[in-house]
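Below are the chains, spelled out letter by letter.
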Amino acid sequence: MKYELFLLISFFAFIHTVKAQNSANWTHFRGSNMDGHAEVKTAPLQWSDSTNMVWKVKVKGLGWSSPVVFGNQIWLTSAKDDGTEFYTHCFDLETGKLLDEKTIFTCPDPQGIHGTNSYATPTPCIEAGFVYVHYGTFGTACINTNNFEVAWKREDLKAAHMQGPASSVVLHKDKLIVHLEGTEDPYVVALNKKTGATLWKSVRPKEIYDKLEPVYRKSYQTPIIIEVNGKEQLISNSSFMCFAHDVNTGEVIWTIEYGFDSTVSQPLYWNGLVFVNSGWIFEDNKPYFTREYAIDPTGRGDVTKTHVKWMYQDDFPQIPTPVIVDGKMYFVHDRGLVSCIDAATAKLIWKQELKGNFNCSPVYAAGHIYFINVKGECTIINPGDTFKLVAENSIGETVKAIPAFVDKGMVLRTDKHLYLIR
């Protein structure tokens, strides 16, 4: 009986420790669990240049990558406007002091990018002792966060992005997952996180992708990793098709086909269902649009006709990723229409128009959902069966990066500055 009690106490202590670590850190694109949920008890509801602003610092270069946080360090990436230099930055969370800044890569003749993109859009990922930065075809590197020395670099992982890099890197156990899906032979690769060596590489099937126009082969999405019947799956919604890989080997487990171009929005996983975005759909005499698919991930092979549970295409975004709270999916269209649907059935619950255009994905923090438009205007709502406005704020600068929410406040990156708001 005493031993059983000891195990029970140990289990709850472990859970408390994990939650405490998650609330202190923000390790990936869209949070430590990559689901848009911040595990914090409080989050700021009001801010301005003179209210709840702990510090504000200038950031060298330009980048739309989101900040990541571990312990008392904030890391982010940027690049020179012309793409010839690529930077890493480490700031002190408490003070905003610049702890380290380096030019990690250079490129004398970079590929062009889309006018709305940057050369430093992929978000880093971080763990105890190391941060992993990625700039697409321009380079991937690991930096020791204790002494700021570069542990390893890769500059040989190439892709013809066409519109610039955007897919963020993902850590899983001993692996760093990197997507390089350009207009020629798009692929995903798993690297040894300690050495940077390639563990496996999966190229999209040539018998399918070679038939597509090059412009329709590219993808900018960031994958997630889930467990299904004891097997870990890497969910990768590429252009034209979604692939579920065995994350340990790269083997393709199942696929669905949706067509046509440029997936950006990250997959989601909730209640046994995978949710993936199709990217742009082109149909005659219709404006281009996107679809969201709910998929049962237990199948094998092509499951397009057998495992798709629902499809939704009414004002669904191409860039921002939805967030699921208490069985409801909340998403904001790139042009500002917020919708709430039942995640299990896709039944519409409500819609509400917001101001501005959106690239930033919504975040659920301390009981509220945060929507930030490109102009830096933030709408905060309560989740529920109706639209419930809580607060509105503006930072007055361009925002495309997702804020990081940790115990010490909200870390917000704009086109010019990095802020800690508390």
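Reading guide: rules and limits
- Residues numbered from 1 in each chain as written.
- Predicted model: local features only at pLDDT ≥ 70, side-chain atom pairs only at ≥ 80, totals over all residues.
- Heavy atoms only, no water.
- Phe/Tyr/Trp six-rings, centres within 6.5 Å; stacked < 30°, edge-to-face > 60°.
- Helix = DSSP H or I, 4+ residues; strand = E, 2+ residues; numbered from the N terminus.
- Buried < 20%, exposed > 50% of the residue type's maximum accessible area, 1.4 Å probe, protein only.
- Pairing = 2+ DSSP bridges.
- Axes fitted to C-alpha atoms, helices over the stretch in contact; angles between N-to-C directions.
- Polar contact = N/O pair within 3.5 Å; in protein donor to acceptor, adjacent residues only side chain to side chain.
- Contact = heavy atoms within 4.5 Å.
- Patch = residues over 30% accessible without salt bridge, like charges linked within 9 Å, V, L, I, M, F, W, Y side chains within 5 Å.
- Areas by Shrake-Rupley, 256 points an atom, 1.4 Å probe, with all protein chains shown as cover.
- Salt bridge = Lys/Arg side-chain N within 4 Å of Asp/Glu carboxyl O.
- Core = buried A, V, L, I, M, F, W, Y, C linked by side-chain atoms within 4.5 Å.

Draft legend 1. Looking closely at the packing of aromatic side chains. All chains considered together, the criterion is met by 21 aromatic pairs. Measuring from centroid to centroid gives 4.2 Å for Phe-316 and Phe-331, while their planes differ by 35°, and the two rings are tilted. Of the two residues, Phe-316 is situated in the loop between β23 (308-312) and β24 (323-325) and Phe-331 in strand β25 (residues 328-332); the sequence distance between them amounts to 15 residues. The buried category is assigned to Phe-316, whose relative accessible area is 2%. Aromatic pair Trp-350 and Phe-387: ring centres 5.6 Å apart, planes at 75°, arrangement edge-to-face. Placement of the pair is Trp-350 in strand β27 (residues 348-353) and Phe-387 in the loop between β30 (377-382) and β31 (388-394), with a sequence separation of 37 residues.

Draft legend 2. Layout of the pairing of strand β15 (residues 224-228). The alternating pattern of β15 places Ile-224, Ile-226 and Val-228 on a buried face, while none of Ile-225 and Glu-227, on the opposite face, is buried. Pairing geometry for β15 and strand β16 (residues 231-237), over five bridges, is antiparallel. Pairing of Ile-224 across the sheet is with Ile-235, part of β16.

Draft legend 3. Highlighting the sheet that holds β23. The four strands are arranged β19-β20-β21-β23 in an open sheet whose pairing can be described as antiparallel. The open sheet terminates on both sides in strands that have one partner only, identified here as β19 (268-270) and β23. If you compare each strand with its neighbour and ignore which way they point, the axes differ by 25° on average. Pairing between β19 and strand β20 (residues 273-281): three bridges, direction antiparallel. Bridge pairing links Trp-270 to Leu-273 in β20.

Draft legend 4. Structural detail: the side chain of Ser-118. Along the chain, the position of Ser-118 falls in the loop between β6 (98-106) and β7 (125-127). A residue is classified by how much of its surface remains accessible, and Ser-118, at 1% relative accessible area, is buried. Only 2.8 Å separates the side chain of Ser-118 from the side chain of Thr-121, close enough to count as a polar contact. Filtering out sequence-adjacent residues up to four positions away, Ser-118 remains in contact with Leu-62, Gly-63, Trp-64, Ile-113 and Pro-165.

Draft legend 5. Broad picture of the sheet that holds strand β33 (residues 409-413). Pairing within the open sheet is antiparallel, and its four strands lie in the order β2-β34-β33-β32. Edge strands, defined here as strands with exactly one partner in the open sheet, are β2 (53-58) and β32 (404-406). Averaged over neighbouring strand pairs, the angle between their axes works out to 15° when direction is ignored. Where β33 meets strand β34 (residues 417-421), four bridges bridge the pair, whose relative direction is antiparallel. Each residue of the ladder has a partner; that of Leu-412, found in β34, is Tyr-419.

Draft legend 6. Representation of a nonpolar patch on the surface within the structure. A cluster of nonpolar side chains, Phe-260, Phe-282 and Tyr-288, forms an exposed patch at the surface whose accessible area comes to about 280 Å². Among the secondary structure elements, Tyr-288 is positioned in the loop between β20 and β21 (289-295).

Draft legend 7. Molecular detail of the nonpolar core. Formed by 36 residues in total, the largest nonpolar core has its most connected members in Phe-405 and Leu-418. Take this core: its biggest share by element is four residues, from β34. Those residues in contact with Leu-418 that lie beyond four places of it in its chain are Trp-55, Lys-56, Val-57, Val-59, Ile-74, Leu-76, Phe-91, Val-411, Leu-412 and Arg-413. Of all hydrophobic cores here, the second largest spans 18 residues; its members include Phe-86, Val-131, Tyr-135 and Phe-138.

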